[in-house]
Amino acid sequence: MSAFMGLTFRQLQLRMKEEGLNPVHAPVVFRSLHRKAARMTNHGDRVDEWLARHPGVAPEVVRDIASGDQVTRKFLLRLEDGREVETVLMGYEGRYTACVSSQVGCAMGCVFCATGKMGFLRHLTAGEMVAQVHFLNEHLAANEKSPLRNVVMMGMGEPLHNFGPVMAALDVITDARGVGIAPTRVSISTVGHIPGIQKLAALKRKYSLAVSLHGASDEERGALIPVNKRWPIRQLLEACRSYSEVTGQKVLISWTLIAGANDSDDHATRLAELLRGMKVQVNLIPLNPTEDFEGRPPSDERTLEFQRILRESGGLPVTIRQRRGIDVGAGCGQLAG
Ligand code: SF4
């Protein structure tokens, strides 16, 4: 995967200048790198020669599994150093979403997550993240489907732990001169990395922010998310409040429902209390099973009751995430290569 894939437009201009090419050609080069159709055209000898020296190398597909309903497809991709990451394509006709990985493994160690069990191996470069998006768009084009509409940074890894490269990759992906995904169609999911939330707020991008809470007290949350010790609930919610103030946006609060652990009426009432007055939307995610974690999802009735309490006692907007790709291990917390 070419490192050039991960250069923002501005970085590309600088790089071209350094390599003796007039940056006036940067729009054409950027389009060539990020739009397959533009790659075919003749840009003039110097630009074509430069592009030939910096080819985009497609990642090698190690495994490709479609879910039973064909709505979700999980690809295991091999990187240049032999490490492997998973990337997931979700959706129906015309509304395809890429779930992009930002790291090989993850340092956060959430107990219910297969990626967390791998430990942290390395950050992905911006180019390796952009390459996942290109790969999925090319897969869609080869199957005569419409291109990606949404990108969610919810694959392997904690994206805000790899802040600079993730932001560069998103700058590239949302640049209208290239892939052109609308910034409002990008979501970043974090376990609650407070410094990253603060840095993201300062950038004032239009991306959605999803924060995993999963527990209504530090003790309960810490049992599922070890980094709660470092970034406890009160401070985390304070960071979410500031994020909303600075950006004017709602924060999506993710709550993985685990039967018997955090799905009772009492949990729902305490969660509603914690979020009172905040500009949030809650997304309930019935647990996706993984091999090393014994927890189970609650029944549909329990999930609906949890939702009802949050709505009625907290006045909160609450959605329940559709469970997709669970049969092929492509759901949240199931990616592990
Ligand atoms: S849930 Fe996210 S942050 Fe937690 S271990 Fe898994 S990949 Fe890392």
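Residues numbered from 1 in each chain as written. Predicted model: local features only at pLDDT ≥ 70, side-chain atom pairs only at ≥ 80, totals over all residues.

Caption draft 1: Local environment of the overall build of the protein chain. Per the secondary structure count, the protein chain includes twelve helices and twelve strands. Its C-alpha radius of gyration of 21 Å places the protein chain within 12% of the 20 Å reference for a compact globule of 337 residues. C-alpha atoms of the protein chain, sized along the principal axes, occupy 70 × 40 × 35 Å. For the protein chain, the proportion of its 337 residues judged to be buried stands at 43%. Within the protein chain, residue pairs in contact and separated by at least 24 positions form 66% of the contacts whose partners lie at least 6 positions apart. (Helix = DSSP H or I, 4+ residues; strand = E, 2+ residues; numbered from the N terminus. Rg over C-alpha atoms; globule rule 2.2 N^0.38 Å. Buried ≥ 20, exposed ≤ 12 C-beta atoms within 10 Å, placed from the backbone. Contact = placed C-beta atoms within 7 Å.)

Caption draft 2: Region of interest: the site of the ligand. Taken together, twelve residues lie near the ligand, and C106, M108, C110, C113 and G116 sit nearest. A breakdown of the residues in the shell around the ligand according to their chemical character gives six nonpolar, five polar and one charged. (Near = placed C-beta within 6 Å. Nonpolar A, V, L, I, M, F, W, Y, C, P; charged D, E, K, R; others polar.)

Caption draft 3: Spatial organisation of helix α8 (residues 194-203). Taken together, the buried positions of α8 are G196, I197 and L200. Along the axis of α8, the buried positions cluster into a sector of 100 degrees, meaning they face one direction only. Counted as exposed and oriented over 90 degrees from the buried face of α8: P195 and A202. Structurally, α8 contributes buried residues whose contacts are with α7 (163-174), β8 (186-190), β9 (208-212) and α10 (233-247). (Arc of directions from axis to C-beta.)

Caption draft 4: Quick look at the domain arrangement of the protein chain. Along its sequence, the protein chain is carved into domain 1 (3-53) and domain 2 (63-328). Taking the mean C-alpha position of each, domain 1 and domain 2 sit 33 Å from one another. It is helix α2 (residues 26-34) that contributes the most residues to the side of domain 1 that touches domain 2, four residues altogether. The residue makeup of the side of domain 1 that touches domain 2, split by class, is six nonpolar, three polar and three charged. (Domains from an automatic or database assignment.)

Caption draft 5: Structural view of the sheet that holds β9. Within the open sheet, the ten strands sit side by side as β1-β2-β3-β4-β7-β8-β9-β10-β11-β12. Their pairing is mixed. The sheet is open, and its two borders are formed by β1 (60-66) and β12 (318-320), each paired with just one other strand. The mean angle between the axes of side-by-side strands here comes to 25 degrees, regardless of whether they run parallel or antiparallel. Pairing analysis gives four bridges linking strand β4 (residues 95-99) to strand β7 (residues 148-153), with the strands arranged parallel. In the strand pairing of β7, Y96 is matched with L148. (Pairing = 2+ DSSP bridges. Axes fitted to C-alpha atoms, helices over the stretch in contact; angles between N-to-C directions.)

Caption draft 6: Structural detail: the pairing of strand β3 (residues 84-92). Examined bridge by bridge, strand β2 (residues 72-78) and β3 share seven bridges and lie antiparallel to one another. Looking at the pairing, L77 lines up with V85 of β3. Adjacent in sequence and paired antiparallel, β2 and β3 are bridged by five residues, among which G82 carries a positive phi angle near 90 degrees. Pairing of β3 with β4 involves five bridges; the strand directions are antiparallel. Residue pairing in the sheet places Y92 in a bridge with R95 of β4. What sits between β3 and β4 in their antiparallel hairpin is a turn of two residues, with G94 showing a positive phi close to 85 degrees.

Caption draft 7: Examining the packing of helix α11 (residues 265-274) against helix α12 (residues 300-314) more closely. Relative to each other, α11 and α12 sit at 35 degrees, their axes nearing to 9 Å. Seen along the crossing, α11 lies across α12 with a hand that is right-handed. Across the interface between the two elements, D265, A268, T269, L271 and A272 of α11 pack against F306, I309, L310, S313 and G314 of α12. Among the residues making up the contact of α11 with α12, the classes are represented as six nonpolar, three polar and one charged. (Left-handed = near helix turned anticlockwise from the far one by under 90°.)

Caption draft 8: Structural context of the packing of helix α6 (residues 126-142) against α7. Following both chains from N to C, one finds α6 and α7 inclined at 40 degrees, their axes separated by 8 Å at the closest point. Judged by the inter-axis angle, α6 sits oblique to α7. You can see that α6 and α7 cross each other, and the crossing is right-handed. Contacts from A126, M129, V130 and V133 of α6 reach α7 at P165, V166, A168, A169, V172 and I173. Each residue belonging to the contact of α6 with α7 can be placed in one class, and the counts come to ten nonpolar, no polar and no charged. (Parallel < 35°, antiparallel > 145°, perpendicular 65-115°, else oblique.)

Caption draft 9: α10, seen in detail. A rise of 1.5 Å per residue sets the reference length of α10, with its 15 residues, at 21 Å; its end C-alpha atoms lie 21 Å apart and thus fit the reference within 8%. Along α10, the residues classified as buried are L236, A239, C240 and Y243. Down the axis of α10, the buried set is contained in an arc of 100 degrees. They therefore lie on one face. Opposite the packed face of α10, turned more than 90 degrees from it, sit the exposed residues R234, Q235, E238 and E245. Buried positions along α10 lie against α8, β9 and β10 (251-257). Where α10 terminates, the next one or two residues include G248, which has phi positive at roughly 75 degrees. (Expected span 1.5 Å × (residues − 1).)

Caption draft 10: Representation of unusual backbone geometry in the model. Residues other than glycine seldom take positive phi values, yet E144 does so here, at roughly 55 degrees. With respect to the helices and strands, E144 occurs in the loop between α6 and β7. In this structure E144 comes out as exposed when scored by C-beta crowding, with 6 C-beta atoms within 10 Å. Of note, H214 is a non-glycine position whose phi angle comes to about 65 degrees, a positive value. Mapping H214 onto the fold places it in the loop between β9 and α9 (218-224).

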